[in-house]
Each structure stands twice: as C-alpha cells, then as structure tokens.
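Analysis of the macromolecular model
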Amino acid sequence: MKQSPPEILSCGAVIVRWDRREFRYLLLRAYNFWDFPKGQIEAGETPLETALREVREETTIRDLTFPWGYDYFETDPYFRGKKVARYYVAETKRRGIRLPINPELGRPEHSEWAWVTRAEALRRVTPRVQEVILWSDTFLAYDRRVSGNR
C-alpha cells in the first residue's frame, strides 16, 4: 500500500564541523526539545533550497558544504501523522552562530544552541531525531578524518 505524501514537509540539515579530531553537531533548542535547523517548504522551493534557507534564517550560517552528497533521510510522520522532516548532512567551518529574531514571532525561534559530540547529541534529542543521527553515521563514521583517527 502506497503512503500518501505528508501534508507538511519540513526540511533541514544535520550540521557538523570538524573539531578536536571528531565531528561536533549543531543542535538548537526550542522549548524543551533539541533538534537540527529545519522548517517548512515555501512555494516554489525545492527541499534543498528550503534546508539552506532555514539554516540561514535560524543560525546565520551561509557556508554549508555537502561533501557527502545530497542524500537525505525522512522521519516517520509525526505531529498527528501530518508532518515529515527531511534532513541532509552538511558541514560548516563556523564556530559561533547567532539566533536572529524571527520577524513573524518577534523573537528567535530557538532559545539556545550548542556544538556537541555525537554521544551528547544522542542524549539530548528525541528518538525521532536519534534516528537521523544514526542515519548520518552512514556518512560521518566513514569520513577519512574519522577513519584516519582509529
């Protein structure tokens, strides 16, 4: 049986940077939930364009690269089965980010950000986002920088 497309597709990125011989993951906190930057597609955008725009809007990061390609992971439906989140894996050299004010909200969308290790990321996020991190291992665990450290 073929599933119908989700009512809401949210797109974002697992953002990493190489630091102290391992990848650090950028997590954003909204309320009590940690996640990667993501947001809903706007008319005329591709999913990748949405991910890039959302990262820019939520973190001010503009230097994303996709050294592992443009494969993506989509979560199981959530939010009463109406929403699916799609994530790409991207890298940045940026350490510091800003959480700019969202004009529609009059405040930043997130209250906190952190660069964390993989283990810490897995501890902070929900099971739905843990699946995304485990999927990103497909690329990051076999990166030459990681495999060269073993």
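Remember, predicted model here, so these are calculated numbers, not experimental data.

Topic: the UniProt feature "domain: Nudix hydrolase" (unreviewed entry) in the chain
As annotated in UniProt, the feature "domain: Nudix hydrolase" (unreviewed entry) corresponds to residues 6-138 in the numbering used here. Between the end C-alpha atoms of residues 6-138 there is a gap of 25 Å, over a span that is 24% helix and 36% strand.

Brief notes about the layout of surface pockets
Over the atoms, a rolled probe matching the size of one water molecule traces out where space is still vacant. In this structure, the largest pocket occupies an estimated 1,000 Å³ of space. Lining the largest pocket are 33 residues, with Lys38, Gly39, Glu58, Glu109 and His110 positioned closest to its centre. Tallying contributions element by element places helix α1 (residues 47-59) first for the lining of the largest pocket, with four residues.

Overview of the pairing of strand β6 (residues 83-91)
Among the nine residues that make up β6, nine are buried, leaving the element largely enclosed by the rest of the structure. By the alternation rule, side chains of β6 split into Lys83, Ala85, Tyr87, Val89 and Glu91 and Val84, Arg86, Tyr88 and Ala90, which are all buried. In this structure, strand β1 (residues 8-19) lies alongside β6, joined through nine bridges in parallel fashion. What sits directly across from Leu9, in β6, is Val84. Note that strand β5 (residues 72-74) and β6 share three bridges and pair antiparallel.

Focus: the packing of aromatic side chains
Tallied over the entire structure, the rule returns seven aromatic pairs. On the numbers, 5.0 Å between centres and 35 degrees between planes, the contact of Phe66 with Tyr70 is tilted. The exposure class assigned to Phe66 is buried, which follows from its relative accessible area of 15%. Among the aromatic residues, those joined into a cluster by ring pairs are Trp18, Phe23 and Trp68. Lying over the aromatic face of Tyr72, Arg86 brings its terminal NZ or CZ to 3.7 Å of the ring centre. Here Arg124 stacks its cationic end above the ring of Trp34, 4.6 Å away from the centre of that ring.

A closer look at the nonpolar core
By size, the foremost hydrophobic cluster in this structure holds 25 residues, and its most contacted members are Tyr25 and Phe36. Elements supplying a minimum of two residues to this core: β1, β2 (22-30), β6, β9 (112-116), α2 (118-124) and α3 (127-140). Looking at this core element by element, the count peaks at six residues for α3. With 14 residues, the next largest nonpolar core counts Ile15, Phe66, Tyr88 and Ile97 among its residues.

Here is what the cut-offs are and how they apply
Every chain is numbered on its own, with residues counted from 1 as its sequence reads. Only residues with pLDDT of at least 70 are given local features in this predicted model, and only at 80 or more are side-chain atom pairs given and counted; all residues enter the totals for whole chains, interfaces and linings. Side-chain descriptors were evaluated using all non-hydrogen atoms of the structure, hydrogens and water having been removed beforehand. UniProt positions are given in the numbering used here, feature names are shortened, and annotations may be inferred rather than shown by experiment. Helix numbers and strand numbers start at the N terminus; a helix is a DSSP run of H or I with at least 4 residues, a strand a run of E with at least 2. With a 1 Å grid laid over protein atoms only, a set of points is called a cavity when a 1.4 Å probe fits there but cannot get out and a pocket when it is open yet has protein on both sides within 12 Å along at least five of seven lines; lining residues have an atom within 4 Å of a point. Grid points are joined across faces, edges and corners, and a volume is the space filled by probe spheres set on the points. Exposure categories follow from relative accessible area, calculated using a 1.4 Å probe and restricted to protein chains: below 20% of the type maximum is buried, above 50% is exposed, and the middle band is partly exposed. Two strands qualify as a pair provided DSSP detects at least 2 bridges between them. Two aromatic rings, drawn from Phe, Tyr or Trp (for Trp, its six-membered ring), form a pair once their centres lie within 6.5 Å of each other, and the interplanar angle then sorts them: stacked below 30 degrees, edge-to-face above 60, tilted otherwise. In this scheme, Lys NZ or Arg CZ marks a charge over a ring once it lies within 6 Å of the ring centre and within 35 degrees of the ring normal. For this analysis, a nonpolar core means a set of buried residues of the types Ala, Val, Leu, Ile, Met, Phe, Trp, Tyr and Cys, connected via side-chain atoms within 4.5 Å.

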